[in-house]
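The primary structure of each chain is shown beneath.
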Amino acid sequence: MPAAATLADWKAASVPDFLAERSRQELARLGNPAWWGPPDLEALAELLQLAAAEGWRILPAGRGTRLDWGGLGHPVDAVISTVACDRLIEHAAADLTVTVEAGMTLGQLQTILAETGQWLPFDPIAGESSSLGALVSTGMSGSLRHRYGSLRDFLIGITFLRHDGQWAKGGGRVVKNVAGYDMMKLLHGAWGSLGLIGKLTFRTYPLPNAWGTIACQGDREAILQLRSQLVRSDLTPVAFDLLSPAAAAELELRSQWTVLLRFGSVAASVQEQQQVVELQATRLGLAAMTVAEPVWGQLNQSFEPRSRSATLIKFALLPSQLPRLLAELEAIAPTALGRVHAASGAGWLVWPEAEPTVETLLRLRRHCEVAEGFLSVLSASVSLKQQMDIWGYPGQGLAVMRAIKRQFDPQSRLAPGRFLAGLEE
């Protein structure tokens, strides 16, 4: 066990200054637990061992910027942050792999990779200020999933602390590593309920030589027709989103249904593909225009909840059912900012100010579930979360997930109540 003097150094005297107000309010609701920031991975393991010996209930955290996301959770004794564990362990540029500590932010990693002409093709709503460990734990994704997949698709190695403070790992530092249980996909989107992530290994990609973004706007039926044509075409956008009129207005575009496409390749290919899209859009009576690249960062910022009363929804459904969903959104949620990844049917809704009714959310959830999808509430007021199950129907796998939870966290001390109603028996 660490010496008492060392422990005192790791424990913050007060809530860190960098925490947003909504995270501060969440800590108060959880009983004002102690905030711990071990300086390195060795200290992190020692602290987890102490927590196990003392029976502490723990909320794993990165920078703590979105502690109010997910389930309401139960009171905890400690928040253990990896914010100081942010080192580069190895960048094997020739092998297109990188290993980092979980506290490193996405922005820090992108800066490191850019020095060798590489990047992590990942643009989550949560933004580049979030720690990589938190992004993996919460299962965040962005528009680049259209071309590259989600973060778990290029997460090839993970090292994490079990409930007893002992290290465990899965995968490795080579892209073709298929031995053993796929721990990466298990911890991705587990919301800290199975362990505390210490190290991550990713496959990296070469940066495209050129970028280009085009927006096509008009009525809903024409937009859906354009979407169908583009999905069946030979075009290779890296991002392909449908935006509601309210979301388009946030980007200083006209308040109309919008197709937003991003291309990344050699300059000639980017230009040619944009011209093809413009021609197809014009034939359908849609307005087409090139848009500056910062629009994607602006789009992510517009979907970041700005207050505790803002409501952020994550959903998915069969792409073939998108026409019915867009009609439903137009009818019952015209003020919501809507964003759908056009080929996959996954998407986001945010109400920046006025909170939606529970009836509206349940109606949208039923629509998604009938279309073989789901709808989960990631961020909302405490009162709204108290009125409904924020995660929705877990499918047939709840018994298996409970068994995994018992194996990884037999006393339910990790992120208690944060993820999936009924997970902790």
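That block above? That's the structure.
On a predicted model such as this, the values are computed, not experimentally measured, just so you know.

**A look at the pattern of salt bridges**
Logical step 1: In this structure the tally under the stated criterion is 16 salt bridges.
Logical step 2: Among the salt bridges present, the one from aspartate 77 reaches arginine 57, with a minimum N-O distance of 3.4 Å. Taken as a pair, aspartate 77 in the loop between strand E2 (58-61) and strand E3 (78-81) and arginine 57 in the loop between helix H3 (41-54) and E2 lie far apart in primary sequence, 20 residues in all.
Logical step 3: The class of aspartate 77 is partly exposed, set by a relative accessible area of 33%.

**Comments concerning the pairing of strand E11 (residues 210-218)**
Logical step 1: Across the nine residues that make up E11, a large majority, eight, are buried.
Logical step 2: Relative to strand E13 (residues 257-265), E11 runs antiparallel, the two being bridged by nine bridges. Opposite isoleucine 214, over in E13, you have leucine 261 as the bridge partner.
Logical step 3: Pairing between E11 and strand E14 (residues 287-291): five bridges, direction antiparallel. Note on E14: the bridge partner recorded for alanine 215 is methionine 289.

**Topic: the sheet that holds E3**
Logical step 1: An order of E1-E3-E2 is seen for the three strands of this open sheet, with the pairing classed as parallel. Looking at strand neighbours, the two that pair on one side only are strand E1 (34-36) and E2, the edges of this open sheet. Each neighbouring strand pair of the sheet contributes to a mean axis angle of 20 degrees, computed without reference to strand direction.
Logical step 2: With three bridges connecting them, E1 and E3 associate as parallel partners. Paired with alanine 34 across the two strands is alanine 78, which belongs to E3.
Logical step 3: Along the sheet, H3 contacts E1, E2 and E3; its crossing angle with E3, the most-contacted strand, is approximately 160 degrees.

**Some points on the packing of helix H8 (residues 220-231) against helix H12 (residues 322-332)**
Logical step 1: The contact between H8 and H12 brings their axes to 11 Å, and the two run at 150 degrees. Classified by the angle their axes make, H8 and H12 are roughly antiparallel. As for how H8 packs across H12, the hand of that crossing is right-handed. In contact with Arg220, Leu224 and Arg227 of H8, H12 contributes Leu322, Pro323, Leu326, Ala327 and Glu330.
Logical step 2: Across the contact of H8 with H12, the residue classes break down as five nonpolar, no polar and three charged.

The rules we used
Residues numbered from 1 in each chain as written. Predicted model: local features only at pLDDT ≥ 70, side-chain atom pairs only at ≥ 80, totals over all residues. Heavy atoms only, no water. Salt bridge = Lys/Arg side-chain N within 4 Å of Asp/Glu carboxyl O. Helix = DSSP H or I, 4+ residues; strand = E, 2+ residues; numbered from the N terminus. Buried < 20%, exposed > 50% of the residue type's maximum accessible area, 1.4 Å probe, protein only. Pairing = 2+ DSSP bridges. Axes fitted to C-alpha atoms, helices over the stretch in contact; angles between N-to-C directions. Contact = heavy atoms within 4.5 Å. Parallel < 35°, antiparallel > 145°, perpendicular 65-115°, else oblique. Left-handed = near helix turned anticlockwise from the far one by under 90°. Nonpolar A, V, L, I, M, F, W, Y, C, P; charged D, E, K, R; others polar.

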